Amino acid sequence: MKAVSVITARGGSKGVPRKNIVDINGRPLISFSIDASLRSNVKETWVSTEDQEIKQVSLDCGARVIDRPAHLANDIIMPDAALLHAAEQIEFDILVFIQPCAALIKPEYINQGIELIVEKGYDSSFAVVRESWMPVWDLNIKPIGWEVNSRPRRQEMPEWYKEAGMFYVTTRDRLLKSGLRYSGKIGVVEIPLQDSFQVDNQQDLELLRRML
């Protein structure tokens, strides 16, 4: 089965302007995702973008590029629409959707996600981080899902998985039928918390520069 990756990288990021190609210790941010993909078991690494500068940076980093229409690159369009557009441009059996801001992604995580489909019979998979219960409050300082006078003990509460947002894997058939990055029988790749870090704002950006 042919596995390819698609990294969706639009030019209009708001939290950090030009985030996908911002400098991280001498490298554009997107280069980390491209490099991990190139060293994984995918056959082709593609970047979907409407931005000419991102296109050139991606080509320089060794990726192929899908020219994404501008109407699929605005603030309200989910990446799933760009994945469907990519499916019209390239041939594949398995699609790995990788986020361009996941600088700590590793090729072995990508490979594990693919293996869940090829060897374990899952239809889709994605990266997760295991979390334990901690008190959560809303912005009005009201407890969410618990009471102040009966605060649970962490050990008594169930753990759960949180999407890491790093990558998602699905089959071509599932993508075309559902229009979504995951569907059907879903498996997960549990990754360490320290590798799940992604850049969403300027503070994240400065922290990542110190981590690498």
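The structure displayed is predicted, hence computed values, not measured ones. (Residues numbered from 1 in each chain as written. Predicted model: local features only at pLDDT ≥ 70, side-chain atom pairs only at ≥ 80, totals over all residues. Heavy atoms only, no water.)

Trainee: Can you explain the state of the cysteines? Please cite residues and give values.
Mentor: Summed over the entire model, instances satisfying the criterion amount to zero disulfides. Unpaired in terms of disulfides, C61 finds its nearest cysteine sulfur in C101, a separation of 15 Å. Overall, the relative accessible area of 8% leaves C101 in the buried class. (Disulfide = S-S within 2.5 Å. Buried < 20%, exposed > 50% of the residue type's maximum accessible area, 1.4 Å probe, protein only.)

Trainee: Could you give me a rundown of the pattern of salt bridges, with the residues and numbers involved?
Mentor: In this structure the tally under the stated criterion is 14 salt bridges. A salt bridge links E44 to R64, with the nearest nitrogen and oxygen atoms 3.6 Å apart. Separated by 20 residues along the polypeptide, E44 in strand β4 (residues 44–49) and R64 in strand β5 (residues 64–67) bring together distant segments of the chain. In this structure E44 comes out as buried when scored by relative accessible area, which is 13%. A relative accessible area of 42% means that R64 is categorised as partly exposed. Connected through salt bridges with shared partners, the residues K2, E44 and R64 form a single ionic network. (Salt bridge = Lys/Arg side-chain N within 4 Å of Asp/Glu carboxyl O. Helix = DSSP H or I, 4+ residues; strand = E, 2+ residues; numbered from the N terminus.)

Trainee: A description of the packing of aromatic side chains should follow, citing residues and the corresponding values.
Mentor: Applying the stated criterion to the full structure yields six aromatic pairs. The interplanar angle of 40 degrees and the centroid separation of 5.1 Å between the aromatic rings of F126 and Y182 together place this pair among those described as tilted. Remark: Y182 occurs in the loop between α5 (172–178) and β9 (186–190) and F126 occurs in strand β7 (residues 124–131); sequence separation between them is 56 residues. Among the residues examined, Y182 registers a relative accessible area of 26% and is labelled partly exposed. Connected via pairs of aromatic rings, a cluster forms that spans F97, F126, Y168 and Y182. R27 extends its terminal NZ or CZ atom over the ring of F32, reaching a point 3.9 Å from the ring centre. The ring centre of Y122 lies 4.7 Å from the NZ or CZ of K185, which sits over that ring. (Phe/Tyr/Trp six-rings, centres within 6.5 Å; stacked < 30°, edge-to-face > 60°. Lys NZ or Arg CZ within 6 Å of the ring centre and 35° of its normal.)

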